[in-house]
Number of protein chains: 2
Amino acid sequence: MPRHTKMNAAIITIGNEILMGKTINTNLAYLGSELAKQGIFVEYALTVKDEPNAIKQALQDTWGKYKIVITTGGLGPTEDDLTKSAISEFFGKKQHFDDNIWEHIQKMFAFRKIPLPETNRSQAMVPDDFIPLRNDLGTAPGLFYREGDFLFFALQGVPSEMKHIFETHIKDIITQNCPDAKPLSIKTLRTYGIAESRLAELFTLSNLPEGVSLAWLPQIGRVDLRFYGTDANKVEEAVKKALPVIKPFVWGYDEESPAEILLARLWKNIYTLSVAESCTGGLVQKLITDIPGSSNSFLGGVIAYSNALKKNLLNVSDTVLETEGAVSETCALQMAEGIKSLTKSTCSISITGIAGPDGGTAEKPVGTVCFGFIAAEKYWSKKQFFTGDREIIRIKAADFAILSLIQHLQGRNDN
Amino acid sequence: MPRHTKMNAAIITIGNEILMGKTINTNLAYLGSELAKQGIFVEYALTVKDEPNAIKQALQDTWGKYKIVITTGGLGPTEDDLTKSAISEFFGKKQHFDDNIWEHIQKMFAFRKIPLPETNRSQAMVPDDFIPLRNDLGTAPGLFYREGDFLFFALQGVPSEMKHIFETHIKDIITQNCPDAKPLSIKTLRTYGIAESRLAELFTLSNLPEGVSLAWLPQIGRVDLRFYGTDANKVEEAVKKALPVIKPFVWGYDEESPAEILLARLWKNIYTLSVAESCTGGLVQKLITDIPGSSNSFLGGVIAYSNALKKNLLNVSDTVLETEGAVSETCALQMAEGIKSLTKSTCSISITGIAGPDGGTAEKPVGTVCFGFIAAEKYWSKKQFFTGDREIIRIKAADFAILSLIQHLQGRNDN
């Protein structure tokens, strides 16, 4: 095959289930992002049915045209997983049984203390000349094949396993096989409290240095600005130009999640945190405990979904519940005080609101959410109106709670 | 244009951000599933950069070949949103300003009490002969265009808005314009507690009636079996054949989530529920409160992340924490008792475990999770070992907790 110099990739996602719904393709996002960091650009992404001919046609359309071709999906043990056969046929290879893989599969089942079905033997079959990539999180290995300048990988459909194989094997293989790849320099400014359209007015593309691109990434209720290019200095220059204009709205950079930044801020101040949630029902605490090591600063909290719990556990007064109601700033503050004294934390967050679809009134429509915050000596409350359905309102409220406490701890409290 | 009889669709996802990672394409899953229910099959799914030429090329490749072409993404107000211009050019249409849309955008900003930037005016532009589809959840409308037998829709990239437009407008348009579409009959059996490979041994494709297909849908830690075909009777027959073999593992049917089924079971028994979580950090309660109306049965709970909270709030004894540790069945049972008495609920769930990545020991490796359950008079505990990373272990643990209580309430308790 001829020498291929373009540092590009095609991703083939295999699965009726993705075309028919029921499964969300998170793998493309992960691969696109990770490959870009290594200087490989995904230029083509196709989703095909898990039929041998569709898989072979997709390989036909991409193999030899893109430096790297990656398939995801179709390596499980059940009958509809035909990927490996289609791949073997396309590349003209027979398959052989790999004892190491079989031993690994046996160990995985032993740990889970469940019997190992014979069907799993098919997962230990490897096409000749392919290199199996060991999967510590599951049974089926990934597969790697090289022909001339071209690299092929067959990966799992299960996102955690696919990521694990990419991290532990594929990154290094790409580094070794693509010495010409120019990694992309990427800097993301993460903003909150300003509409995408207003940001666009403040900041236009004409300000960008040559060779730097800007992407607007709307998140739920906020916007990320991503500057990228192959010249790291120019990307840095672009960010420096942008910062003076948008700094008040920037809560973080790059990949960090709001919960990660909040935990880092708490840790720096030797603060501890507790949370009392009503309408978000545990989402704030779920986001915080997503982060490994969160127990260093996060003590715990209460989901006070019923008014009885708000009273009995968090000490919210009857008067407040009767006069102002559970969705009020006064109730939110009492909840924040209640959880702080219950847990003896330095900081606390409380959320009480109407996530819908029912429960709204003219005065307090669906989307009305009240917040209480305590950061050491400082107490404050907030009322917000969020648009969207139940899920979106809950996400926006959880986000607002975390980002507000971050902004306060960063010394940019606007209260 | 000629009459098109195939009831198929192509989905074009627009966005560098999807190819480069950073955004996950949940829209394809939603559209694939909803269209299949209406008898329209997504046969092609392509992701392209948000560059005018890439968008026009994708339209060129699909328009006139598939009954329905849908684009998602690129209708926002910022500079990188070029979709509408590319679409107008491809269909040879000029654009006009739509006063109704502009009025709607003004109202949306007024509700959120934030100023309306001029940039948003571009969202009120509509290509001639296109019908705007009103968006109650956001500012940009969807777009609909019909030419002969062929239908084109341009939808938002934001999933909640896209779904809203699909629900409120597109379903009806498709029903009216595709009288020949034969809706797919789909029945999903949702199983738990049996490996995909073991299920495959119990149940093989050869048992299926003609015209019925079976898809294995591995979820995290469990498997769904989906039977589908255009003949509802035959699908029903296939399910009836399968049920005797796999019934002990079936916890639900079709689209219902575990939390929905649990809430329905609780409601039927006039039971209330409380939850005490440690390693899952709020995930169980988040899943339960995802469901509208969950407050009918769910009272609330505690996230006892620290041992101090386990003692002070949930009354876990010092002796248990010192001898057996926080990750023990005895501690789990005490947590379940503690939250039940605190909230005066009829049922309770508790979870305490090691989600990792740190904190594992030889005796209690990462993935060890203990559960306590109370359902009225009945008390029991369980210990499980889950594989995967922190996120996966937490999801599997939350799932196990909810599904175990369902199985008990369904009278199939194996304790």
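What you see is a predicted model; the values in this text were computed from it and never measured. (Residues numbered from 1 in each chain as written. Chains lettered and ligands numbered in written order. Predicted model: local features only at pLDDT ≥ 70, side-chain atom pairs only at ≥ 80, totals over all residues. Heavy atoms only, no water.)

Help me get a handle on the interface of chain A and chain B, residues and values and all.
Contacts between the two partners involve 86 residues from chain A and, on the opposite side, 87 residues from chain B. With both chains or domains summed, chain A and chain B bury close to 7400 Å², and 62% of this area falls on carbon and sulfur atoms. Linking chain A with chain B are two salt bridges, by the criterion used here. The partner of Arg394(B) in a salt bridge is Asp290(A), and the shortest N-O contact between them spans 2.8 Å. (Contact = heavy atoms within 4.5 Å. Buried area = accessible area lost by both parts, 1.4 Å probe. Salt bridge = Lys/Arg side-chain N within 4 Å of Asp/Glu carboxyl O.)

Break down the pairing of strand E10 (residues 213–219) of chain A for me, with residues and values.
As paired strands, E10(A) and strand E11 (residues 222–229) of chain A are joined by seven bridges and run antiparallel to one another. Paired with Pro218(A) across the bridge in E11(A) is Val223(A). (Pairing = 2+ DSSP bridges. Helix = DSSP H or I, 4+ residues; strand = E, 2+ residues; numbered from the N terminus.)

So, the side chain of Ser328(A): which residues are in play, and what are the values?
All names here are of chain A. Mapping Ser328 onto the fold places it in the loop between helix H12 (318–323) and helix H13 (329–343). Polar side-chain contacts of Ser328 include one of 3.1 Å to the backbone nitrogen of Cys331. Every residue in contact with Ser328, bar those within four places of it in the chain, is listed here: Val320, Thr352 and Cys370. (Polar contact = N/O pair within 3.5 Å; in protein donor to acceptor, adjacent residues only side chain to side chain.)

Please provide a residue-by-residue account of the relation of the copies chain A and chain B, values included.
Taken as rigid bodies, chain A and chain B are interconverted by a rotation of 180° and an axial shift of 0.1 Å, the fit giving an RMSD of 0.1 Å. Taken together, the rotation and translation describe the operation of a two-fold axis. (Least-squares fit on C-alpha atoms with pLDDT ≥ 70 in both.)

Could you give me a rundown of the packing of helix H2 (residues 26–37) of chain A against helix H6 (residues 159–177) of chain A, with the residues and numbers involved?
Residues and elements named next belong to chain A. Between H2 and H6, whose axes approach to 11 Å, the crossing angle comes to 20°. Classed by the angle they form, the pair H2 and H6 counts as roughly parallel. The way H2 lies across H6 gives a crossing that is right-handed. Here Thr26, Asn27, Tyr30, Leu31, Glu34 and Leu35 of H2 lie close against H6, whose contacting residues are Pro159, Met162, Lys163, Phe166, Glu167, Lys171 and Ile174. (Axes fitted to C-alpha atoms, helices over the stretch in contact; angles between N-to-C directions. Parallel < 35°, antiparallel > 145°, perpendicular 65-115°, else oblique. Left-handed = near helix turned anticlockwise from the far one by under 90°.)

I'd like to hear about the nonpolar core, residue by residue, with values.
Counting residues in each nonpolar core, the largest one holds 74 residues, and the members touching the most others are Leu262(A), Leu273(A), Leu262(B) and Leu273(B). Beyond its immediate stretch of four places on either side in the chain, Leu262(A) contacts Leu273(A), Ile288(A), Ile349(A), Ile402(A), Leu405(A), Ile406(A) and Leu409(A). In this structure, Ala58(A), Tyr145(A), Ala154(A) and Tyr66(B) belong to the second largest nonpolar core, which totals 54 residues. (Core = buried A, V, L, I, M, F, W, Y, C linked by side-chain atoms within 4.5 Å. Buried < 20%, exposed > 50% of the residue type's maximum accessible area, 1.4 Å probe, protein only.)

Can you break down empty space enclosed by the protein residue by residue, with the values?
This structure, assessed with the given rule, holds three cavities of 30 Å³ or more. In this structure, the largest cavity spans a volume of roughly 80 Å³. Residue lining of the largest cavity: 14 residues in total, with Asn25(A), Leu28(A), Thr47(A), Leu28(B) and Thr47(B) positioned closest to the centre. Sorting the residues of the lining of the largest cavity by element identifies strand E1 (8–14) and strand E2 (41–48) of chain A together with strand E1 (8–14) and strand E2 (41–48) of chain B as the ones contributing at least two each. (1 Å grid on protein atoms, 1.4 Å probe; cavity = no way out; pocket = protein on both sides within 12 Å on 5 of 7 lines; lining within 4 Å. Points joined across faces, edges and corners; volume = space filled by probe spheres on them.)

Describe the packing of helix H3 (residues 52–62) of chain B against helix H4 (residues 83–90) of chain B, naming the residues involved and giving the relevant values.
Residues and elements named next belong to chain B. Where H3 meets H4, the axes come as close as 9 Å, and the angle between the chain directions of the two elements is 45°. As the angle between them shows, H3 and H4 are arranged oblique. Relative to H4, H3 is oriented so that their crossing is right-handed. Residues Pro52, Ile55, Lys56, Leu59 and Gln60 of H3 touch H4, and the partners they reach there are Thr83, Ala86, Ile87, Glu89 and Phe90. Considered class by class, the residues forming the contact of H3 with H4 number six nonpolar, two polar and two charged. (Nonpolar A, V, L, I, M, F, W, Y, C, P; charged D, E, K, R; others polar.)

Give a detailed account of the pattern of salt bridges, specifying residues and quantitative values.
Residues and elements named next belong to chain B. The full count for this structure, using the stated rule, is 26 salt bridges over all chains. In this structure, Glu34 engages Lys171 in a salt bridge whose closest nitrogen and oxygen atoms are separated by 3.4 Å. One end of the pair, Glu34, is in helix H2 (residues 26–37); the other, Lys171, is in helix H6 (residues 159–177), with 137 residues separating them in the sequence. Note that Lys93 is salt-bridged to Asp129, the shortest N-O span being 2.8 Å. Of the two residues, Lys93 sits in the loop between H4 and strand E4 (95–97) while Asp129 sits in the loop between strand E5 (125–127) and strand E6 (131–133), which places them 36 residues apart along the sequence. Relative accessible area serves as the criterion here: at 56%, Asp129 is assigned to the exposed category.

Run through the domain arrangement of chain A, naming residues and quoting values.
Once the domains are mapped, chain A shows domain 1 (8–177), domain 2 (185–253) and domain 3 (258–409). Using C-alpha coordinates to define each centre, domain 1 of chain A is positioned 43 Å away from domain 3 of chain A. (Domains from an automatic or database assignment.)

Mind laying out the pairing of strand E15 (residues 347–353) of chain B, listing which residues take part and the relevant values?
All names here are of chain B. The element E15 is largely enclosed, with a buried count of seven among its seven residues. Burial along E15 is two-sided: the face carrying Cys347, Ile349, Ile351 and Gly353 and the face carrying Ser348, Ser350 and Thr352 are both buried. In terms of strand pairing, strand E13 (residues 273–277) meets E15 through five bridges, oriented parallel. Bridge pairing in E15 links Ala276 to Ser350. Here E15 runs beside strand E16 (residues 368–375); their pairing, made up of seven bridges, is antiparallel. Across the sheet, residue Thr352 finds its bridge partner in E16, namely Cys370.

Outline the side chain of Asn8(B), supporting the account with residue identities and numerical values.
All names here are of chain B. Tracing the sequence through the fold places Asn8 in strand E1. At 3.1 Å, the side chain of Asn8 and the backbone nitrogen of Lys67 are in polar contact. The contacts of Asn8, once residues within four sequence positions are left out, are Ile40, Phe41, Glu43, Lys65, Tyr66, Lys67 and Ile68.

Go over helix H5 (residues 99–111) of chain A with me, naming the residues and quoting the values.
Taking 1.5 Å per residue as the helical rise, H5(A) with its 13 residues ought to reach 18 Å, and the 19 Å between its terminal C-alpha atoms agrees with that figure. Along H5(A), the residues that are buried comprise Ile101(A), Trp102(A), His104(A), Ile105(A), Met108(A) and Phe109(A). Down the axis of H5(A), the sector holding all buried residues measures 160°, keeping them to one side. In this structure, H5(A) carries Asp99(A), Asn100(A), Lys107(A) and Ala110(A) as exposed residues pointing more than 90 degrees from its buried face. For H5(A), the elements touching its buried residues are strand E4 (95–97), strand E5 (125–127) and strand E6 (131–133) of chain A together with helix H7 (196–202) of chain B. The N-capping residue of H5(A), defined by a side-chain oxygen 2.9 Å from the backbone nitrogen of Asn100(A), is Asp98(A). In the segment just after H5(A), Lys113(A) is the residue with positive phi, at about 55°. (Expected span 1.5 Å × (residues − 1). Arc of directions from axis to C-beta.)

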